[in-house]
Amino acid sequence: MRDAGRRLLGRPNLKEAESDVRSGHRERLRQKFLEHGLDKFTDEEIVEFLLTFGTPRRDCKQAARALLEAFGGIRSVFEAEPEALGRIKGVGPKNIVAIKFIHAAAGKFLEQRLVGRDYLSSSRRVHEYLKHSMENLAKEVFKVIYLDASNGVLALEDASRGTVGTAHVHPREIMERALLLRASGLVFAHNHPSGGTRPSTEDFRLTRQLVHAARLMEMRVVDHLVIGKNGDFFSFRDQGLLSKYENDYIKAFISQG
């Protein structure tokens, strides 16, 4: 009877021991991150640690492993739709909120890092800053980067949300904002929720109109990026279209003179 009593009394301690093991493991992950950042983390540990924010009292290793196996990598986990994440065993609503919140916050951080810095002259490098927050949006968003005379970034703002086109993106309002900021250069970017990067007829027309409006106000359009999915993008500058639109403006100006 005494041994049985000991066994019965010992059962709750097993749960406490398991809890202590989980707590100790999470504390080791915290300390590893504080000391080394993500450099010494495996992909599985990164996802596992993230899941702990929404699951304080349960082991998250198996759920982290299942997420990586299902989606193929951390990037795809972050970009997955909430419904798809919820189909993974061990991933609940709080975990999904944590994953999507971190992804959105990282995108906002990368955007704001541009402000106050020299403009990145390479279209690919600009795309690296913007794709995180734009390539998986369900609706089209049109962004404007305002540059000073030294190519420093004055501001990055949304000019339109919904459908990109002259009915929703107003060149006059963009130019008024540029004048208020004392901008000298403009960079435009918008996403295609379908994932394709081929500009639409309206994209070509709008870009031409913006280039002409900028030239009229003695500003310049540096680039217009169309951001698709999986790292794909289209640059109007790289394709020589901005130069063509500027030449069209000059020819029209000369013919009117």
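Residues numbered from 1 in each chain as written. Predicted model: local features only at pLDDT ≥ 70, side-chain atom pairs only at ≥ 80, totals over all residues. Heavy atoms only, no water.

Our focus in this paragraph is the nonpolar core. Counting 24 residues, the largest nonpolar core has Phe142, Tyr146, Ile174, Met175, Leu186 and Phe188 as its most contacted members. The element that contributes the greatest number of residues to this core is helix 9 (residues 201-216), accounting for 5 residues. Setting aside its immediate chain neighbours within four residues, Phe188 contacts Phe142, Lys143, Val144, Ile174, Leu210, Val221, Asp223, His224 and Leu225. Grouped together as the second largest cluster of nonpolar side chains are 22 residues, Phe41, Leu51, Ala64 and Ile96 included. (Core = buried A, V, L, I, M, F, W, Y, C linked by side-chain atoms within 4.5 Å. Buried < 20%, exposed > 50% of the residue type's maximum accessible area, 1.4 Å probe, protein only. Helix = DSSP H or I, 4+ residues; strand = E, 2+ residues; numbered from the N terminus. Contact = heavy atoms within 4.5 Å.)

Taken across its 8 residues, strand 1 (residues 140-147) has 8 buried, putting it largely inside the fold. In terms of strand pairing, strand 1 meets strand 2 (residues 153-162) through 8 bridges, oriented antiparallel. Following the sheet pairing, Val141 is matched in strand 2 by Arg161. Here strand 1 folds back onto strand 2 in antiparallel fashion, the turn holding 5 residues, of which Asn151 has a positive phi close to 70°. For strand 1 and strand 3 (residues 185-191), the ladder comprises 6 bridges, and the chain directions are antiparallel. Across the sheet, Ile145 pairs through a bridge with Val187, a residue of strand 3. (Pairing = 2+ DSSP bridges.)

Moving on to the environment of Leu67. Looking at where Leu67 falls in the secondary structure, it is placed in helix 3 (residues 61-71). For Leu67, a relative accessible area of 0% gives the class buried. Remark: the alpha-carbon pair of Leu67 and Ile88, spanning 21 residues in sequence, is separated by 6.7 Å. In this structure, Leu67 is in contact with Val47, Leu51, Gly72, Val77, Leu85, Ile88, Val91 and Ile99, ignoring residues within four places of it in sequence.

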